[in-house]
Amino acid sequence: MKEKYLELMKIAIDSYSYEYIEKLYKENLENGIKEHGISRITSVLGILISKGMKQEYYSLWIKLMDMCCNQLHMIKDGNDFAVREIMSCIIETKSLVSTKKTDEWLSLINKINYKENYGVYAKSVDDMAHNIAVYNMAGEYLRQIYGMCDTDDYFDIQIPCQLKMFDEMGMYMDPGCPMLYDLATRVQFSLLLFYGYNGKYRKLLDDNLRKGAMMSLMMQSACYEIPYGGRSNQMVFNEAYQCTCFEYEAARYKKEGDLELAGQFKQAARLSYESMLGIILKKPAKHVKNGFGWNSLFGCEWYAYYDKYMITMGSFAYLAYIFCDETVKEKTCPAQKGGYVVNTSDAFHRTFANACGYSIQIDTKADKGYDATGLGRIHKIGVPSETVLSCPFPKTPKYLIQDVIMTKMPDRSEISRFEKENPGFLSITPIVIGKEGDCIRLCDFYENIESELDVFKQQENTVEFEVTYKSECFTGFTYIKERYTLDEEGVHVCFSCDTDKTYALGYEVPVIKTDGESVSETSFTDNRIICRYKNHEYVTETEGCDIKTDGEYANRNGIYEKAVISRKDNKPLNICFKIN
């Protein structure tokens, strides 16, 4: 796998031509570094050169390193990330340059003062600092290894603050609890431990890393992707982070003699890597999981532009490379085997299930800017992840759902004119229809709602569980109950509700139209929706229902049509999703 991770780094660098990197160098030299994309390009390029690749870039790389090292002690922009990146590059490239040149770079980095050159850190043990502070902690520890600083006092403030951010399952609660930043932050702490941090907080950190990694292993989808939810999701580098986490744990358990668990993490890492290939092997490679142009911001936050987030895949693939132990033998991982239901803490409010090649993810109290409450993902092994649904639809997304062409950091005010809303929230959501046609939709609730999970069966060939929602805002009923069964036939859901006979039950179901490149062919008939997409057939079946379409919605992956499936009574509604 080490060679595969180097290949990911090369794909990331090859997304930028020599001429373009040279142009970025001149712009940053003239105007000053404003963000950390350039340090990532510099670091990944140097590491590849040290491994015998991209030799023709050597002279340009030297100029990039000179520029980055000269500016780090004079700026704050991007330094929280850049110091670790540049230090990693120096570690890997000492044999490429003279000792004098290495010492010159180190002497410049030695001038960094965290109070002046980092943007995010806790000022006292009672302060709070989000995930970015952990990135600069990794950079500070690498500086300590080279005798530039003593991290004890800094870590005595930073780590106690950060330990408060872990839940009881070892998951990191960045503001809003985005799924990526749980994973990303744990990886940065892993880096500290990998490089030898053995201070008084090591055991507390390690205990959280163990627990959090087990959650990541169980939450990996049947398409081998990280969970949806929150900021920076559905970017290709998400799975590079997942590879990194799993490689660290595989090596850890191998050292401890637990070859079964080591092998499960090892297989999960390889599958995460393979999940990326379909989109990054396109020419040019893509940085976000949809079929719009490589230079489109469709599905991206304003900060998730190509110049920064394409190279990010290479940066985190490097961490997977250094963590990787090639001697670990693969064992069947949970995402392949299935047969389980797992629930996060209330802070993350998500439920996962996997059986018979299908996996699902439910968000029971979604972040309204990024997601929608309800069933938001159905994946199947070997099927493109967006085919049924990979993430839900917020009403007012904090990311773009228009095909805006932009590769560099945009002006925030410039982006605002491209912001667009969906007609409403949307997931695979139960609805309760009143006699006047008024409709209560589960996906509209992002507060004032509670849920309870009951698990009935967890076997390789079947899992069965129930989610019951209650809210003081429900009118005409007291609960919404969904009973889920995953088996060889697909994903079955039975929706029931304690309404009287004046109400009717229904479902709203997104059906993909296009990912920006491929287009589906869909037919709507009595009790059935058949969607043919990318050589697969996705079928939604029910009984005793009417089906109509009601407008277009967009998420990070593409454009979908909303199908409304409704009964004329309040009897339990059964629906089945299957993919061939």
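That block above? That's the structure.
This is a predicted model, so every value here is computed, not measured.

If you walk across this open sheet you meet the eight strands as β7-β8-β9-β10-β17-β14-β13-β12, and the pairing is antiparallel. The outermost strands of the open sheet, each flanked by one partner alone, are β7 (450-459) and β12 (521-525). In this sheet, neighbouring strand axes are inclined to one another by 10° on average, regardless of whether the strands run parallel or antiparallel. In this sheet, strand β9 (residues 480-487) lies alongside strand β8 (residues 462-470) in antiparallel orientation, the contact comprising seven bridges. Counted as the bridge partner of Thr 468 is Lys 481 from β9.

It is worth spelling out unusual backbone geometry at this point. In this structure, Pro 284 follows Lys 283 across a cis peptide bond, with omega equal to -10°. Tracing the chain through its elements places Pro 284 in the loop between α13 (259-280) and α14 (306-323). The phi angle at Cys 356 is positive, at roughly 55°, despite the residue not being glycine. Within the element layout of this structure, Cys 356 appears in the loop between β2 (350-355) and β3 (358-363).

Let us look at the packing of aromatic side chains. Going through the model one piece at a time under the given rule, you end up with 37 aromatic pairs. A ring pair is formed by Phe 246 and Phe 265, whose centres lie 5.7 Å apart and whose planes are at 55°; its orientation type is tilted. In this pair, Phe 246 is assigned in helix α12 (residues 237-256) and Phe 265 in helix α13, connecting sequence segments 19 residues apart. Under the relative-accessibility criterion, Phe 246 is labelled buried at 0%. The exposure class of Phe 265 is buried, given its relative accessible area of 0%. Ring plane angle 80° and centroid distance 5.8 Å describe the contact between Phe 495 and Tyr 507, whose orientation is recorded as edge-to-face. With Phe 495 in strand β10 (residues 490-497) and Tyr 507 in strand β11 (residues 504-514), this residue pair connects regions lying 12 residues apart in the sequence. The same class applies to Phe 495 and to Tyr 507, which are both buried. Among the aromatic side chains, those forming a connected cluster through ring pairs are Tyr 114, Tyr 121, Tyr 141, Tyr 154, Phe 155 and Tyr 197. Here Lys 2 stacks its cationic end above the ring of Tyr 321, 4.4 Å away from the centre of that ring.

A word on the pairing of β10. Counting buried residues in β10 gives seven out of eight residues, a clear majority hidden from the surface. As judged from the eight bridges shared by β9 and β10, these two strands associate in the antiparallel manner. Note that in β10 the partner of Arg 483 across the bridge is Cys 494. If you look at the hairpin formed by β9 and β10, you'll find two residues sitting between the two strands.

Reading the values: rules and limits
Each residue is numbered by its place in its chain's sequence as written, counting from 1. Per-residue local features are limited, in this predicted model, to residues with pLDDT of at least 70; the limit for side-chain atom pairs, both in listing and counting, is 80 or more; totals at the level of whole chains, interfaces and linings are taken over all residues. For side-chain calculations, the full set of non-hydrogen atoms in the structure is used, while hydrogens and water are omitted. Each pair of strands is called paired provided DSSP finds at least two bridges between the two strands. Numbered from the N terminus, helices here are DSSP runs of H or I no shorter than four residues, and strands are runs of E no shorter than two. Here the axes come from fitting lines to C-alpha atoms, over the contacting stretch only for helices, and the angles between their N-to-C directions go from 0 to 180 degrees. Paired rings are identified among Phe, Tyr and Trp, the last through its six-membered ring, by centres lying within 6.5 Å, and are further divided according to the angle between planes into stacked (under 30 degrees), edge-to-face (over 60) and tilted (the rest). Here the term buried applies to any residue with accessible area under 20% of the maximum for its type, exposed to any over 50%, and partly exposed to those in between, with areas from a 1.4 Å probe on protein chains only. Charges are assigned to positions over rings by a cutoff of 6 Å between ring centre and Lys NZ or Arg CZ, combined with an angular limit of 35 degrees from the ring normal.

Interpretation note: all reported values are geometric properties and have no functional meaning in isolation.
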